[in-house]
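A look at the structure
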There are 2 protein chains.
Amino acid sequence: MQYLNFDKVPVYKKLAEHAGTGFNFKEKLDAKRVEDCIVPMAASLNYSWAAKAADSQCIKLLQELAEQQELIAKYKALLNGEMMNTGEKRKVLHHLLRGEQGQPVTEDGKNIGDFYRKELDRFSSFASAVHEGKYKGSTGKMFNTVVQIGIGGSDLGPRALYLALENWAEAEGKKKLNAKFISNVDPDDASSVIASCALENCLFILVSKSGTTQETLANELFVKDKLTKAGLDASKHMIAVTSETSPLARNSAYLDSFYIDDYVGGRYSSSSAVGGCVLSLAFGPDVFKEFLAGAAQADKLALNENILENAALLDALIGIWERNFLNYPYTAVLPYSQALGRFPAHLQQMDMESNGKRVNRNGEAVSYNTGPVIFGEPGTNGQHSFYQLLHQGTGVIPLQFIGFSDSQRNDDVIVDNSISQKKLAANLAAQIVAFAKGQQSEDGNKEFPGGRPSSLIYGKKLTPAALGCLLAHFENKVMFQGFVWNVNSFDQEGVQLGKILTKKVLSGDFSDGALEIYSKILGIF
Amino acid sequence: MQYLNFDKVPVYKKLAEHAGTGFNFKEKLDAKRVEDCIVPMAASLNYSWAAKAADSQCIKLLQELAEQQELIAKYKALLNGEMMNTGEKRKVLHHLLRGEQGQPVTEDGKNIGDFYRKELDRFSSFASAVHEGKYKGSTGKMFNTVVQIGIGGSDLGPRALYLALENWAEAEGKKKLNAKFISNVDPDDASSVIASCALENCLFILVSKSGTTQETLANELFVKDKLTKAGLDASKHMIAVTSETSPLARNSAYLDSFYIDDYVGGRYSSSSAVGGCVLSLAFGPDVFKEFLAGAAQADKLALNENILENAALLDALIGIWERNFLNYPYTAVLPYSQALGRFPAHLQQMDMESNGKRVNRNGEAVSYNTGPVIFGEPGTNGQHSFYQLLHQGTGVIPLQFIGFSDSQRNDDVIVDNSISQKKLAANLAAQIVAFAKGQQSEDGNKEFPGGRPSSLIYGKKLTPAALGCLLAHFENKVMFQGFVWNVNSFDQEGVQLGKILTKKVLSGDFSDGALEIYSKILGIF
């Protein structure tokens, strides 16, 4: 297997040449193209790419790219436990949390899949025990709220997934506990969340892989202080999710501890105890397992060598086409689902932290663009916000739509002969066509240039399995793009410098004059 | 007064030439530059631009640009009621909601400032009457929750402002009612908000200027249906905020109605009854008036011809420098304040809907870039998410930081010798310097190129007046940029095409084959 910089892959030049030919999908977007350009995904979802600026020659070249850059072989190597996180010299095993797609992965004679399964069993049992009242607060009250303390991957993914399933769970009678989240070191975050809770009914989950995250440790002590002042035994109100080597592990300060290892990065940890504890407590372990099964199905489909049968791979490659040959620096994620309101924020981390890199996997600077800026808000809200620029701005922004036929709560109203869910879906269909085809007008202000590309992931309803598929789809898309760019998508050295300078400020080391004045005007001293 | 396309302004070429000289602020950022590059704002806030890639020659040229493009004269014309919304042929009067900065604005003999003051008085009195129990629910229960039904500008601004002041109001003992928001036509949005409310204690605010917004009318009927089914008299639980000519005005279906006019655009309506009703109900009318006073102060400072004494103007011009001469297509808004968690989403609408235009104020296509993509999340959360790409990605993204010395809730904890608020501020100071200066390293993966520009708005605490100043600062910045680009920042024709196609879908008009298949796969028929 070869690791080539992207611009050294033979097909790179052909793609650059083809970009000049300018496929006008605006005029080609008819019923047949929409019907032809659909790739089945896991959990009954589908990926529609008809409104992308990719013609058959483009697809042919992207298939060549997949082969020449050995994308599936690299995915298999990752699944089989090869050291793909070259920066930190680690395996990358978040897929294994959802089931084995490759060979068993072992280390020092230990089967890592067994370790993941054991932890899944342990926190599933713990969640069931809480639901059955076997664990209670220190004054004997049942737990009715779980509060996750974590930041970054310990917050964004779990929070987005909780919100994505909360309505579904309420409608299905599967909601067990409310979940809340404390993340920011801003004391107003912890203070206001705690003020909204009845502490005697609260179970806190402290999530930090290293056990040294500044924000999370500050918030832990914030919470413990409040628990103690409320006359509660903090050790009966808190569990830890951490690595086995962290100071939080096997510590009597916690009711129990659940483990992850260094082979699961923060932004990929939603499938581990980091997401699993809070989701199993909130909705029951079976719901979390349905989510994992949907993700595992998506992981399996991502092994297909044919890009027209592999939604994650095709999505990745079209993204490369848009980023490196059409030169679009951003992508908007637009779910037509209020439940997915924080899903774009999670994708923002997953994508930008993974592929926002300027060096290749060996640390050498690359001379092509890598990860785009990701942003988004749910539709139809976004339509009344930033869509003006998407339709009529001076730049072109590729769009990723997501939509469902059915609502989650089955609670709707008929106004003007249609239910709100139909209006939501009608807006989505209309936007895809409006962006693609535009509108001519004598009045420049009413002219829509069109030619604005989008793809659509759609399905019947946002269920746990569909959500698992969605998450895995984007994880795998980002992974494939990282392989194309030859970057290491699994470390995050870019977060280190800020940490070092923060420590300097807090220790009063003002050898840098600018840092001193900024600290002064911000009231630090 | 002249309205020139930006590239026809004499100084345009000089700016383009100067961009080639490449000011290395990375090496110039010392204590003196930080101290020298501060512009006082209203409400004790300050604007720091030391870490921007602007040297003294750049500032000189930007001052020339302000003069040649007559930015202050255009602002004065707007204040004095000139028809600045050329697309819809309307005045632009959101500043007048906060007080008169120019001459009295009259129309058909009517003083529009008087009209705005009257409505402010009316909804202030209404809010006080609710607080005093003079209005109650139809079963005699006190209102304890206000629910705003609106979308776009009727949602994003008011919601962001409510969240920005909720903690402050709780800490100051000024919180009167909880506020919630229903915006999306996704039925799960209304359904879940209603399920979280005790309807007999709820007062709903229906907000639609035209009285015809599809999402808002669907959600109104959704809510009324639930009120009726709960045995409540819907007309005793709902007020309207609308224009005097809308079908919602003077309608006995509402307890009362408060008015705005066509001279206040949705995204600029937070200072009107659209933001004023919900904020006055939640926190009391005096708090809303403090907010308006802070904004009015900022509006006044924005009249200064000297760009080094006018934060909004300087911020606008540096943004132009970055967008048109350094060619950065985006800007990140990064408040180090959990209370400002939704403020970037509001700015996303305010900026992108205002200046995401490809034609000038006369409808002629322009040949330069206009509004950038705006995105952001609060720090320190963002540090653990997308900052990797900001530090080490292949593109440069200008950053807008916001930070405060004090928390809002005065509830903090000491860990490792510092309170969380100090850690928050230390992270902010550290990030500015890390982005600007970077770090050299033998290991490419640990190399930070630096040279990533940022500005900082800072102050002691996020109070109502500070929030008003912040809001007006960004409104005025966006206005000045629109003047530079010679676009109409006050209409939004780009939202129309989607509405037309949505109606087609809902009426079963499938003359477009692609639209038909998209509608089919989304389960619309």
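Worth saying up front: this structure is predicted, and the values here are computed from it rather than measured.

A closer look at the packing of helix α11 (residues 285-301) of chain A against helix α16 (residues 464-485) of chain A
Residue and element names in this part refer to chain A. Between α11 and α16, the shortest axis-to-axis distance is 7 Å and the interhelical angle comes to 40 degrees. Taken together, the axes of α11 and α16 are oblique relative to one another. For the pair α11 and α16, the sense of crossing is right-handed. Here α11 contributes Val287, Glu290, Phe291, Gly294, Ala295, Ala298 and Asp299 to the contact with α16, which in turn contributes Pro464, Ala465, Leu467, Gly468, Cys469, Leu471, Ala472 and Asn476. Its residues placed into classes, the contact of α11 with α16 shows 10 nonpolar, three polar and two charged.

Some points on the side chain of Asp315(B)
Residue and element names in this part refer to chain B. With respect to the element layout, Asp315 can be found in helix α12 (residues 311-325). Asp315 gets classed as buried once you look at its relative accessible area, which sits at 4%. Within the local environment of Asp315, its side chain forms a polar contact with the side chain of Tyr47, the two groups lying 3.3 Å apart. Not counting the four nearest positions on each side in its chain, Asp315 is found in contact with Tyr47, Gln400, His473, Phe474, Lys477 and Gln481.

Focus on the interface of chain B and chain A
Often, the extent of an interface is quoted as the loss of accessible area on bringing the components together. Each side of the interface is counted separately: chain B has 136 residues, and chain A has 134 residues. In total, about 11300 Å² of surface goes out of reach between chain B and chain A, with carbon and sulfur atoms giving 61% of it. For the chain B face of the interface with chain A, the top three residues by lost area are His384(B), Tyr518(B) and Leu522(B), together amounting to 7%. Here chain B and chain A share eight salt bridges between them. Among the ionic pairs, Lys446(A) bridges to Glu493(B), the shortest N-O distance being 3.1 Å. The element that contributes the greatest number of residues to the side of chain B that touches chain A is helix α15 (residues 420-437) of chain B, accounting for 16 residues. Broken down by class, the residue content of the side of chain B that touches chain A amounts to 58 nonpolar, 52 polar and 26 charged.

Details of the relation of the copies chain B and chain A
With an RMSD of 0.0 Å, the fit of chain B onto chain A corresponds to turning through 180 degrees and sliding 0.0 Å along the axis. Read as a symmetry element, the transformation amounts to a two-fold axis. Every residue of chain B has its C-alpha some distance from the rotation axis, and the shortest such distance is that of Phe375(B), at 3.2 Å. When the interface residues of chain B are mapped onto chain A, 99% of them again fall at the interface, so both copies present the same face.

Notes on the packing of aromatic side chains
Applying the stated criterion across every chain yields a total of 45 aromatic pairs over all chains. With 6.3 Å between their ring centres and 85 degrees between their planes, Phe123(A) and Phe258(A) make a pair best called edge-to-face. Here Phe258(A) lies in strand β9 (residues 257-260) and Phe123(A) lies in helix α6 (residues 112-131), a separation of 135 residues in the sequence. Neither Phe123(A) nor Phe258(A) differs from the other in exposure class; each is buried. A ring pair is formed by Phe6(B) and Tyr12(B), whose centres lie 4.8 Å apart and whose planes are at 90 degrees; its orientation type is edge-to-face. Given the relative accessible area of 0%, Phe6(B) is considered buried. The ring of Phe115(A) carries the charged tip of Lys110(A) above its face, separated from the ring centre by 4.3 Å.

Things to note about the confidence of the model for chain A
Chain-level pLDDT for chain A is 97 on average; 100% of the residues reach the 70-or-more range. In the predicted complex, the global pTM is 0.98; the interface-specific ipTM is 0.98.

So, the pattern of salt bridges
All names here are of chain A. Evaluation of the coordinates by the stated rule reveals 62 salt bridges over all chains. Notably, a salt bridge pairs Glu322 with Lys52, separated by 2.9 Å at the nearest N-O pair. In this pair, Glu322 is assigned in helix α12 (residues 311-325) and Lys52 in the loop between β2 (46-48) and α4 (56-68), connecting sequence segments 270 residues apart. Summarising the burial analysis for this pair, Glu322 and Lys52 share the class buried. Between Asp256 and Arg122 there is a salt bridge, with the nearest N and O atoms lying 3.1 Å from each other. On the criterion of sequence distance, the pair formed by Asp256 in the loop between β8 (238-243) and β9 and Arg122 in helix α6 is long-range, its members being 134 residues apart.

Points about the environment of Phe6(A)
Residue and element names in this part refer to chain A. Mapping Phe6 onto the fold places it in the segment before α1 (11-19). Sequence separation of Phe6 and Thr370 is 364 residues, and the distance between their C-alpha atoms is 10.0 Å. Apart from residues no more than four positions distant in its own chain, Phe6 is found in contact with Tyr12, Leu65, Gln69, Ile320, Asn324, Phe325, Tyr368, Val484 and Trp485.

Some points on the sheet that holds β2(A)
Residues and elements named next belong to chain A. Read from one edge to the other, the open sheet built from six strands follows the order β1-β2-β15-β12-β10-β11, with strand pairing classed as mixed. In this open sheet, the two edge strands, each paired with only one partner strand, are β1 (38-40) and β11 (373-375). Shown here is a sheet whose adjacent strand axes are inclined to one another by a mean of 20 degrees, direction ignored. Relative to strand β15 (residues 454-459), β2 is paired through three bridges, and the arrangement is antiparallel. Opposite Asn46, over in β15, you have Tyr458 as the bridge partner.

Points about the sheet that holds strand β2 (residues 46-48) of chain B
Residues and elements named next belong to chain B. Taken in spatial order, the six strands line up as β1-β2-β15-β12-β10-β11 in an open sheet, and their pairing is mixed. In the strand order of this sheet, the two ends are held by β1 (38-40) and β11 (373-375), each with one partner. Adjacent strand axes in the sheet meet at a mean angle of 20 degrees when their direction is disregarded. Most of the contacts of α12 go to β2, to which it runs at about 25 degrees, and overall it touches β1, β2 and β12 (399-404).

Rules used throughout
Residues numbered from 1 in each chain as written. Chains lettered and ligands numbered in written order. Predicted model: local features only at pLDDT ≥ 70, side-chain atom pairs only at ≥ 80, totals over all residues. Heavy atoms only, no water. Axes fitted to C-alpha atoms, helices over the stretch in contact; angles between N-to-C directions. Helix = DSSP H or I, 4+ residues; strand = E, 2+ residues; numbered from the N terminus. Parallel < 35°, antiparallel > 145°, perpendicular 65-115°, else oblique. Left-handed = near helix turned anticlockwise from the far one by under 90°. Contact = heavy atoms within 4.5 Å. Nonpolar A, V, L, I, M, F, W, Y, C, P; charged D, E, K, R; others polar. Buried < 20%, exposed > 50% of the residue type's maximum accessible area, 1.4 Å probe, protein only. Polar contact = N/O pair within 3.5 Å; in protein donor to acceptor, adjacent residues only side chain to side chain. Buried area = accessible area lost by both parts, 1.4 Å probe. Salt bridge = Lys/Arg side-chain N within 4 Å of Asp/Glu carboxyl O. Least-squares fit on C-alpha atoms with pLDDT ≥ 70 in both. Phe/Tyr/Trp six-rings, centres within 6.5 Å; stacked < 30°, edge-to-face > 60°. Lys NZ or Arg CZ within 6 Å of the ring centre and 35° of its normal. pLDDT = per-residue confidence, 0-100. Pairing = 2+ DSSP bridges.

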